Amino acid sequence: PYDEELLTFDSKAKDVKLAGTFTKPKGEGPFPAVVLISGSGPQDRNEELLGHKPFLVLADHLTRKGIAVLRYDDRGVGKSTGKFDTATSKDFAEDAAGAVAFLKTRKEVGKIGLMGHSEGGLIAPMVAVENSDVAFIVLLAGPGLPGDEIIVAQSALIAKAMGMSEKDLVR
């Protein structure tokens, strides 16, 4: 019940082209639009994990409710260029800023917001504070601890899930 377009756009970072999917309600608009910003780890535009595609689900729901959505493959993932493994949160913020700049060129887009999941919940405010074109942000499970503490806790939980004993875990 909406239009879907596969596209590419430039990051604000040099030499990075991002591939994504833009969904918009039927009609002329302008429609409010949201950029979906993925969490940590290399993510495709659907943020697919174990067969679940939360960004596809969010895009479908929001677009059916009258909101245009842009979701994209992280740099170096899927059809996006660039290197993921050396990128920082600041680099990902430049990618999201490129998504905002792209949406500004679309006549069917009105107000633009950012929806960040996990690390994307850190990146969305980074972009919004630097960009007056961002009208709103939505944070989904954004980090509540400093990044170094999160990495240590995640590593310990992964090691424990893989069978490491409690006494062998270093904290």
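Please refer to the structure higher up on the page.
Peer 1: I keep staring at helix H1 (residues 54-64) and nothing clicks. Help me out?
Peer 2: Each turn of an α-helix holds 3.6 residues, which means side chains three or four residues apart point in the same direction. For H1, the full list of buried residues reads Phe-55, Ala-59, Leu-62 and Thr-63. Projected onto a plane normal to the axis of H1, the buried residues spread over an arc of 95° and lie on a single side. Buried positions along H1 lie against strand S1 (2-10), strand S2 (17-25), strand S3 (31-37), strand S4 (68-72) and strand S5 (109-117).

Peer 1: So what exactly am I meant to see when it comes to the environment of Ala-19 here?
Peer 2: Within the secondary structure, Ala-19 is located in strand S2. Owing to a relative accessible area of 3%, Ala-19 belongs among the buried residues under this scheme. Each C-alpha atom, one on Ala-19 and one on Thr-88, is 19 Å from the other, the two residues being 69 residues apart in sequence.

Peer 1: Even after reading the chapter, I still don't get the pairing of S2, so can you show me in this structure?
Peer 2: Where burial is concerned, most of S2 is hidden: eight out of the nine residues are buried. Here S1 pairs with S2 via nine bridges, running antiparallel. Each bridged residue has a counterpart across the sheet, and for Asp-10 the counterpart in S2 is Lys-17. The turn linking S1 back onto S2 is made up of six residues, and Asp-15 within it adopts a positive phi angle of 65°.

Peer 1: When you look at the side chain of Asn-46 in this model, what are you seeing that I'm missing?
Peer 2: Note on placement: Asn-46 falls in the loop between S3 and H1. In this structure the side chain of Asn-46 is engaged in a polar contact, spanning 2.9 Å, whose partner is the side chain of Arg-71. Residues in contact with Asn-46, not counting those within four places in the same chain, are Lys-53, Pro-54, Phe-55, Leu-56 and Arg-71.

Peer 1: Honestly, unusual backbone geometry in this entry has me stumped. Any pointers?
Peer 2: Across the chain, the bulk of peptide bonds are trans and the bulk of non-glycine residues have phi less than zero. Cis geometry is found at the peptide bond from Gly-29 to Pro-30, where omega equals 5°. Phi is positive for Ser-118, close to 55°, though the residue is something other than glycine. Relative to the assigned elements, Ser-118 resides in the loop between S5 and helix H3 (120-130).

Peer 1: Sorry if this is basic, but what is going on with the pattern of salt bridges here?
Peer 2: Note that side chains of opposite charge can pair when their charged atoms are close. The full count for this structure, using the stated rule, is 12 salt bridges. Measuring nitrogen to oxygen at the nearest pair gives 2.8 Å for the salt bridge that ties Lys-26 to Asp-3. With Lys-26 in the loop between S2 and S3 and Asp-3 in strand S1, this pair connects stretches of sequence that are 23 residues apart. Its relative accessible area of 28% is what places Asp-3 among the partly exposed residues. The structure contains a network of salt bridges with shared partners spanning Asp-3, Lys-24 and Lys-26.

Peer 1: What is the right way to read the side chain of Glu-47 from this model?
Peer 2: Within the element layout of this structure, Glu-47 appears in the loop between S3 and H1. Although buried, Glu-47 forms no salt bridge, and the nearest oppositely charged side chain, Arg-71, lies 10 Å from it. Within the structure, the side chain of Glu-47 is placed 2.9 Å from the side chain of His-117, a separation counted as a polar contact. Not counting residues within four places of it along the chain, the set of residues in contact with Glu-47 comprises Ser-38, Gly-39, His-52, Pro-54, Phe-55 and His-117.

Reading the values: rules and limits
- Residues numbered from 1 in each chain as written.
- Predicted model: local features only at pLDDT ≥ 70, side-chain atom pairs only at ≥ 80, totals over all residues.
- Heavy atoms only, no water.
- Buried < 20%, exposed > 50% of the residue type's maximum accessible area, 1.4 Å probe, protein only.
- Helix = DSSP H or I, 4+ residues; strand = E, 2+ residues; numbered from the N terminus.
- Arc of directions from axis to C-beta.
- Contact = heavy atoms within 4.5 Å.
- Pairing = 2+ DSSP bridges.
- Polar contact = N/O pair within 3.5 Å; in protein donor to acceptor, adjacent residues only side chain to side chain.
- Salt bridge = Lys/Arg side-chain N within 4 Å of Asp/Glu carboxyl O.
- Lys, Arg positive; Asp, Glu negative; His and termini not counted.

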